[in-house]
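Next come the chains, spelled out residue by residue.
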Amino acid sequence: MFTRLFRKPKQKETKILQILEKLNETLGMLEKKESLLLKRAAQEVERAKQFTRAKNKRAAMLCLKRKRVYEQQVEQIGTYQLRIHDQMIMLEGFKVTTETVDALRSGASAMKAMQKATNIGDVNKTMDEINEQADNMRQIQDALSAPFGSDFDEDELEAELEELESAELEEELPEPVRPVQNLPKGKQPARPATQKKQTAYEDELVALQADMAL
């Protein structure tokens, strides 16, 4: 199938190349013919000049007529050359078009063959395997990114934090004043070093407790 598919464009291309080569040969022949005719026309002009100097008007006129004939042939050859060039351009364009179509046809055939060789079930299976591997990889990454150590109960941590806060508050409260007994009247117990910054209200409270002890 593929051998026959690629053989036809080659035969077409070879045929077009042969035609183009033939047209090139024809152009070469026409160029040589044109050069010869121009040379003969120039010779007729020189002969006409000679006959003019010799006062042979009739011979000079004949030379000029032959020159005109040669020039007409040159013009005709120019028309032939133009037509051949046009045909060569068309053939080269057709060659490019043919090669493009053949390439597209080959590509379409190759795609069709690959589609036949590819089973949609295999594609779905492959995609499932890829998705499964992706899920496994995500699980592995999640496991690696998890913190080390055991999991902790958030409620227990909150309760422990509340205990710490309560202990801190108790430490910040002033210590209670101990009652003083068996002190002489009018004497007050010495203040502890930690109570130097007590308020006036606390001082009065200490004095009142001392009087009551008496």
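Residues numbered from 1 in each chain as written. Predicted model: local features only at pLDDT ≥ 70, side-chain atom pairs only at ≥ 80, totals over all residues. Heavy atoms only, no water.

Peer 1: Before we move on, could you go through the overall build of the protein and cite the residues and values that matter?
Peer 2: Scanning the protein from terminus to terminus reveals 5 helices and 0 strands. Helices (α) and strands (β) of the protein occur, in sequence order from the N terminus, as α-α-α-α-α. By the burial criterion, 14% of the 214 residues in the protein qualify as buried. Within the protein, contacts between residues separated by at least 24 positions form 72% of all contacts whose residues are at least 6 apart in sequence. Carbon and sulfur atoms make up 56% of the accessible area of the protein, which amounts to about 18,400 Å² in all. (Helix = DSSP H or I, 4+ residues; strand = E, 2+ residues; numbered from the N terminus. Buried < 20%, exposed > 50% of the residue type's maximum accessible area, 1.4 Å probe, protein only. Contact = heavy atoms within 4.5 Å. Areas by Shrake-Rupley, 256 points an atom, 1.4 Å probe, with all protein chains shown as cover.)

Peer 1: Got a sec to walk through the nonpolar core? Specific residues and values, please.
Peer 2: Counting 13 residues, the largest nonpolar core has Leu20, Leu23, Leu37, Ile84 and Met88 as the members making the most contacts within it. Of all the secondary-structure elements, those providing two or more residues to this core are helix H1 (2–53) and helix H2 (57–117). The element best represented in this core is H1, accounting for 7 residues. Discounting residues that sit within four places of it in the chain, Met88 has contacts with Leu20, Leu23, Asn24 and Leu27. (Core = buried A, V, L, I, M, F, W, Y, C linked by side-chain atoms within 4.5 Å.)

Peer 1: Outline unusual backbone geometry, listing residues and values.
Peer 2: Peptide bonds are, in most cases, trans, and in most cases residues other than glycine have a negative phi. With a phi angle near 65 degrees, Lys55 is a residue other than glycine that sits in the positive phi range. Turning to its location among the elements, Lys55 is positioned in the loop between H1 and H2.

Peer 1: Could you give an account of the confidence of the model for the protein, naming the residues involved and the relevant values?
Peer 2: Averaged over all residues, the pLDDT of the protein is 78; the fraction at 70 or higher stands at 71%. Per-element confidence in the protein is highest for H2, whose mean pLDDT is 90, and lowest for helix H5 (residues 200–213), whose mean pLDDT is 65. Low pLDDT, under 50, characterises residues 1–7; the predicted model gives this stretch 7 contacts beyond four residues in sequence or across chains. (pLDDT = per-residue confidence, 0-100.)

Peer 1: I'd like to hear about a nonpolar patch on the surface, residue by residue, with values.
Peer 2: A surface patch of nonpolar side chains, amounting to about 350 Å² of accessible area, comprises Ile120, Val123, Met127 and Ile130. Looking at the element boundaries, Ile130 is found in helix H3 (residues 120–145). The class for Ile130 is partly exposed, based on a relative accessible area of 46%. (Patch = residues over 30% accessible without salt bridge, like charges linked within 9 Å, V, L, I, M, F, W, Y side chains within 5 Å. Salt bridge = Lys/Arg side-chain N within 4 Å of Asp/Glu carboxyl O.)

Peer 1: Let's hear about a negative patch on the surface: which residues, and what values?
Peer 2: Taken together, Glu154, Asp155, Glu156, Glu158, Glu160, Glu162, Glu163 and Glu165 make up a surface patch of like negative charges. Following the sequence through the fold, Glu160 ends up in helix H4 (residues 154–172). We classify Glu160 as partly exposed; its relative accessible area is 47%. (Lys, Arg positive; Asp, Glu negative; His and termini not counted. Charge placed at Lys NZ, Arg CZ, Asp CG, Glu CD.)

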